[in-house]
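# Fold and contact review
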Amino acid sequence: MRSYARWPLAVGVAAGVALDVLLGDPRRFHPVAAFGRAAAALEARDYADSRLRGAAPCVLAVAVPAALLHRRTRGRPPSEAAAAALAVWAVTGARSLHHEAERAMVALASNDLPAARRVLPSLCGRDPAGLDATEITRAVIESVAENTCDAVVAPLLWGAAAGLPGLAAYRAVNTLDAMVGYRSPRYLRYGWASARLDDAANWVPARVTAALTAACAPVAVKAPLPGTSAQNPPAEGRLVFGPAASALRAVLRDGSRHPSPNAGRCEAAFAGALGLRLGGTNVYGGVAEARPELGEGRAPEPDDIGRAIRLSRAVTAAATGLAVLIAVRPAGRRSRPRR
């Protein structure tokens, strides 16, 4: 069997990331937003307190057309590359993530807490009311860490491994988890499948994100070492780990303590790389959830948001390179001719 050339997919992945960097999310007719509206309409019409409802119809509704388009463009390199580029552009969100984090950082730097609280819902689902500058900063950095996986690394890896169906199915699962994956009375059963699918889809990408975070930390992080600051230098004789080692140390020690099997790895890696201490009590819909501490550094400060953004951009670049390498792998072995 002849091996199929996968370079159009690799070109499409790289081009899609470039489009996101240059243009950001589509301002109108965003396909992910359209999917979210359709899923919300389906929930309003067909909601039931059952694990069998919710995820499957929505995921199939986008995965099947994507698989058909993937099949139609296969063997037509320009069409395949263009379709992959547009899909990657639609389902990744590095520029938007970094833009919103920068907005929060500017508001915090100006001591404008109301403005910072208004930005927070675009990054995470926790209640912003009553949060002080330190808690908002922590929320932003944790969101940058988790969404570096969800909005960048995971879709790139799924796209590189499975083409258009992988991109579409992953984004559908992740969007559904964000909408109904909460442990609230309404969604405890209805959102169960979405939450479990999202955990499975992000298991490998989260650990790849943690590894890339450690690998990129020495280049991206220009700051005091873990547990120190300009006002708090390391004690004499104390062993201080570099950012890469600190990231790995935090992941191995603290990553599994997080209630999420995936988010904890990403947040712990960022905490270790940046020399910060993340985690604490978060409030979602009026319900407080205690999260374990991640990392052994100092409490985050508004300037640390900029460092987290630089680290996320470095991980984005590394993940793009990794995805391109995966995409160009041989699709199959050549069979030996029969004698």
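Criteria and thresholds
- Residues numbered from 1 in each chain as written.
- Predicted model: local features only at pLDDT ≥ 70, side-chain atom pairs only at ≥ 80, totals over all residues.
- Heavy atoms only, no water.
- Helix = DSSP H or I, 4+ residues; strand = E, 2+ residues; numbered from the N terminus.
- Contact = heavy atoms within 4.5 Å.
- Salt bridge = Lys/Arg side-chain N within 4 Å of Asp/Glu carboxyl O.
- Buried < 20%, exposed > 50% of the residue type's maximum accessible area, 1.4 Å probe, protein only.
- Pairing = 2+ DSSP bridges.
- Core = buried A, V, L, I, M, F, W, Y, C linked by side-chain atoms within 4.5 Å.
- Axes fitted to C-alpha atoms, helices over the stretch in contact; angles between N-to-C directions.
- Parallel < 35°, antiparallel > 145°, perpendicular 65-115°, else oblique.
- Left-handed = near helix turned anticlockwise from the far one by under 90°.
- Nonpolar A, V, L, I, M, F, W, Y, C, P; charged D, E, K, R; others polar.

### Section: the environment of Ile136
Along the chain, Ile136 falls in helix 7 (residues 133-180). Along the backbone, Ile136 and Ala104 are 32 residues apart, and their C-alpha atoms lie at a distance of 8.3 Å. Residue contacts for Ile136: discarding those within four places in its chain leaves Leu108, Leu113, Ala116, Arg117, Leu120 and Leu131.

### Side note on the pattern of salt bridges
In this structure the tally under the stated criterion is 15 salt bridges. Among the salt bridges present, the one from Glu301 reaches Arg298, with a minimum N-O distance of 3.9 Å. For Glu301, a relative accessible area of 38% corresponds to the partly exposed category. Connected via shared salt-bridge partners are Arg249, Arg253, Asp254, Arg257 and Glu296.

### Describing the pairing of strand 2 (residues 287-290)
Looking at chain direction, strand 1 (residues 281-284) and strand 2 are connected through four bridges and run antiparallel. The residue bridging Thr281 from the neighbouring strand is Ala290, located in strand 2. Between the end of strand 1 and the start of strand 2, which pair antiparallel, lie two residues, with Gly285 showing a positive phi angle near 60°.

### Examining the nonpolar core
Membership of the largest hydrophobic core comes to 67 residues, with the highest contact counts inside it found for Val140, Leu156, Leu274 and Leu311. Take this core: its biggest share by element is 15 residues, from helix 7. Apart from residues lying up to four places away in sequence, Leu311 is in contact with Thr213, Cys216, Ala217, Ala220, Val221, Phe270, Ala273 and Leu274.

### So, the packing of helix 1 (residues 7-23) against helix 4 (residues 77-91)
It is the contact of helix 1 with helix 4, at a shortest axis distance of 7 Å, that shows an interaxial angle of 40°. Taken together, the axes of helix 1 and helix 4 lie oblique to each other. For the pair helix 1 and helix 4, the crossing hand works out as right-handed. Across from Trp7, Pro8, Leu9, Val11, Gly12, Val13, Ala15, Gly16, Val17, Leu19, Asp20 and Leu23 in helix 1, the residues of helix 4 making contact are Pro77, Glu80, Ala81, Ala84, Ala85, Val88 and Trp89. Along the lines of polarity and charge, the residues of the contact of helix 1 with helix 4 split into 15 nonpolar, two polar and two charged.

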